[in-house]
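As a plain string of letters, each chain reads:
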Amino acid sequence: MNGYTDKILVVDLTYKNVRTISTQKYSDRFQGGRGIAVALAYDFIPGDVNPLKPENPLIFMTGPLTGTLAPSSGRIDVITKSPETGLLGGANAGGFFGPELKYAGYDGIVIVGEAASPVYIDIFNDDVIIKDAQNLWGKGVFNTVETLRKSDEDVQVACIGPAGERLVNLSGIAFSMRNYAARGGLGAVMGSKKLKAIAVRGTKGLDIAKADGLIGLVAGIQDRIKMMPSYPEYPEWHYKLFEILESDSKSFFGNYEDRVWEDRFEAYENAKRFVKQAEFRRETCFACPLRCWAYINVKGIGGSSIAACQGTLTSLANFSKVKDFGKLWKAYLLCQDLGLDVSGTSAVVAFAMDLYPRGMLDDLWKQEPKLIYGNGDALIDLIKKIALREGLGNILAHGVRKASLAIGKGAAERAVYSKGGLELWLMEIRPFKGTALSSAVTDSGSQNRATYGLCEFYYKSMRKQAEMVAKKLVGTEEAAIPTKYEHKPKLVAIYENLHILADSLGVCSIPFMPVGLELWGQVFAAVTGIETTPKALMLAAERIRTLERLFNIREGLTRKDDTIAERMFNEPLKDGAWKGEVLNREKFEQMKDAYYALRGWDAEGKPKQETLEKLGLA
Amino acid sequence: MQKMIFIDYDKCIGCKTCETVCSLSHQGRVNPSQARISVVRYERIGINVPMMCQKCQDPVCMAVCPMKAITFDPALGTQIDNSRCIGCKICILSCPIGGVSLDPVNKKTIMCDLCEGDPQCARLCPEKAIEYVEVSLLPYKKRRDGIERLEKFLREERK
């Protein structure tokens, strides 16, 4: 089978046995990656399981393009039932683990059961061994990876840190020392299975249908990626992103109360100085020309790789309003090593810093440092406490919504979250109606899987570009205007489909969109030998999306769960470029109606029988 | 005129495109462990070093090969004849720069053959960290890179 290894590893940790199933059973209808992972989740999860019990499988799945010469093809999708939201939990990660897994001969891994004591899975080609991991339990991510690599730097590791071991809902799964399947508490599911790590090394390789055809396509795709307007700037985004978010009027500060922060320009300057003075080397993921990663090392604090995205330094700074980048860097290193989702963790810290001065945490946080915005020591302290579940950290570890309910005293009214209670990523949401809709209807509440790249994002800074994309996708420039409700449902559905295809084929969603479906279809054909068209790919995306919906409906999801935090409807923005903007509930519900109709779902958001038949899901 | 692969370690971003295309163009399938170029990644310190045969003028591998499987081509440097190789690995042991590797599938030695003068790694390296240049131009190129760095440094200083 070209492009696929045709083997999915099933590891039962309870009975300590290993078997494989064929990928082919799923690949025709669900492509790979996210698509097959959802299908496996639907098959393996009996419905209504406790996410932290042995019945809940943890599924890692690569796509047919993963590990091939296709640019940006380092991706792997991770799916399970999320302990944070109780819905489908999914995250997609780059790096080098996915390719290595395929070279070892496996398209994916399904972990079921629960080990009696800590274990790790050691994979070298056909040898798959469940090994004792008591000596690794309690170790940070960096140390765990180093230990498992021993003398072979090509060993790739997926592991959890202490946060995952302690079942923190903000814990992710680290892929070696940098990339994360961060969102939705996937690390906690791995921790509940007492699975510390998976180490993989593969030397078997992968069959490709048309080697010359694939090589011939790659230079052209690289060129397209390099033509992205943001391409030349990526390596500078580690400090420039602050200003980019500002120029798009997307930033907010603290717990969504301010669009303006007086000290922000000082913070941006600090960011620039911080990056310029550090030891800095550009990095990237497997086969990716984008180099949105960098290795940064700061004397006296430490070194690590970091992605230039909204979810890292920018997230920590803008949420906590800390402008000391030494402290922020330390906070980032802690999250990476303890195994925390930087995005969700910084949102939760901001939530606590919002409540504390209001006296809502008086009985939970009596010590120094004071939990107030700008206090870097408090940020660092709280991150440790969340990972280790100490004191207030033990409550915040559940994620923002559950924590707000546990705290009481009106804390729930201050909590801001996406569908299912998952923290939103770093972006003001009230003026961006498409983003709001996407966050509410998405499979997992994770904007990373549905919303990234929406053309309304860059309307303020690159209006022409945004309008051109909107016109191409939905037929009118108006769809690019953030505050317009009209045309957003279609735009959102198309972006969701594109995300699904990127995550399913095994390519990063950032370069996926500018390269275009036509070319990816050709790459898919060169790799697998199976001809396809953009239309066929979009139909597959529809199928996968509807199966995700069926999964969530089985978990009890109804129309009213397709929403985001109340504050986004009740609290108009009090300053900045979008002053007065708030979500209009009636128009929001109308967007949902239109979105459901586009998907072939009924007014309750349930897929219609005819839709299921059309998609072959009946 | 002899040409060689010139690697600028500062430019490498560790994407492994070179390994991937090397195996794909030689084997017709993707298997980086069968590639003739290997990016050694030291993740903890953020260093990526592409390693390969440097086409020595006095190749140790050629001198030690008991089967005379390694020959010297004036244009393409050392070349290995796989049908003669017995997999004794003496060339790997004796190469002072780690430029010779072992094909884990066939258990024979592999080494860069410069793709008959059109090295695919250089063609697809997205950062142009790998280039195929005239050997005689190498010192000039290094000098030019040095001047560029100096110029950049001086410009930063004046700011």
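Residues numbered from 1 in each chain as written. Chains lettered and ligands numbered in written order. Predicted model: local features only at pLDDT ≥ 70, side-chain atom pairs only at ≥ 80, totals over all residues. Heavy atoms only, no water.

Further remarks concern the interface of chain B and chain A. Of the residues lining the interface, 33 residues belong to chain B; the matching set on chain A comes to 42 residues. Applying the counting rule to chain B against chain A returns five salt bridges. In this structure, arginine 282 of chain A and glutamate 127 of chain B form a salt bridge, with 2.8 Å as the shortest nitrogen-oxygen distance. On the surface where chain B and chain A come into contact, there are 16 residue pairs in polar contact (both at pLDDT 80 or more). Residue contributions to the side of chain B that touches chain A peak at five residues, all from helix α1 (residues 17-27) of chain B. Residues of the side of chain B that touches chain A, tallied by class, amount to 14 nonpolar, ten polar and nine charged. As paired elements, strand β13 (residues 206-207) of chain A and strand β2 (residues 29-30) of chain B share two bridges and run antiparallel to each other. Bridged to aspartate 207 of chain A within β2 of chain B is arginine 29 of chain B. (Contact = heavy atoms within 4.5 Å. Salt bridge = Lys/Arg side-chain N within 4 Å of Asp/Glu carboxyl O. Polar contact = N/O pair within 3.5 Å; in protein donor to acceptor, adjacent residues only side chain to side chain. Helix = DSSP H or I, 4+ residues; strand = E, 2+ residues; numbered from the N terminus. Nonpolar A, V, L, I, M, F, W, Y, C, P; charged D, E, K, R; others polar. Pairing = 2+ DSSP bridges.)

With that settled, consider the state of the cysteines. Residues and elements named next belong to chain A. If you walk through the whole model with that rule in mind, you get zero disulfides over all chains. Unpaired in terms of disulfides, cysteine 508 finds its nearest cysteine sulfur in cysteine 288, a separation of 6.0 Å. Residue classification places cysteine 508 among the buried residues on the basis of a relative accessible area of 11%. (Disulfide = S-S within 2.5 Å. Buried < 20%, exposed > 50% of the residue type's maximum accessible area, 1.4 Å probe, protein only.)

Our next topic: the packing of aromatic side chains. Residue and element names in this part refer to chain A. By the definition in use, this model includes 21 aromatic pairs over all chains. Taken together, a centroid distance of 4.8 Å and an interplanar angle of 45 degrees make the contact between tyrosine 234 and tryptophan 237 tilted. Here tyrosine 234 and tryptophan 237 have matching classes, each one buried. Note on phenylalanine 274 and tryptophan 329: the rings are 5.7 Å apart at their centroids and 50 degrees apart in plane angle, and the pair reads as tilted. Highlighted residues: phenylalanine 274 in helix α9 (residues 264-277) and tryptophan 329 in helix α11 (residues 325-338), separated in sequence by 55 residues. No difference in accessibility class separates phenylalanine 274 from tryptophan 329, as the two residues are buried. Taken together, the aromatic side chains of Phe242, Phe265, Tyr268, Phe274, Phe325, Trp329 and Tyr332 make up a single cluster linked through ring pairs. Here arginine 291 stacks its cationic end above the ring of tyrosine 231, 3.9 Å away from the centre of that ring. (Phe/Tyr/Trp six-rings, centres within 6.5 Å; stacked < 30°, edge-to-face > 60°. Lys NZ or Arg CZ within 6 Å of the ring centre and 35° of its normal.)

Looking now at the sheet that holds strand β16 (residues 302-307) of chain A. All names here are of chain A. Spatially, the three strands line up as an open sheet ordered β14-β15-β16, and their pairing is antiparallel. Because the sheet does not close on itself, it has two edges, and the strands there are β14 (279-283) and β16. Pairs of neighbouring strands in the sheet enclose a mean axial angle of 20 degrees, with direction left out of account. Here β14 runs beside strand β15 (residues 293-298); their pairing, made up of five bridges, is antiparallel. Counted as the bridge partner of arginine 281 is tyrosine 295 from β15. Contacting β14, β15 and β16, helix α8 (residues 237-247) crosses the sheet at an angle of about 110 degrees to β15. (Axes fitted to C-alpha atoms, helices over the stretch in contact; angles between N-to-C directions.)

Remember, this is a structural readout, not a statement about activity or role.
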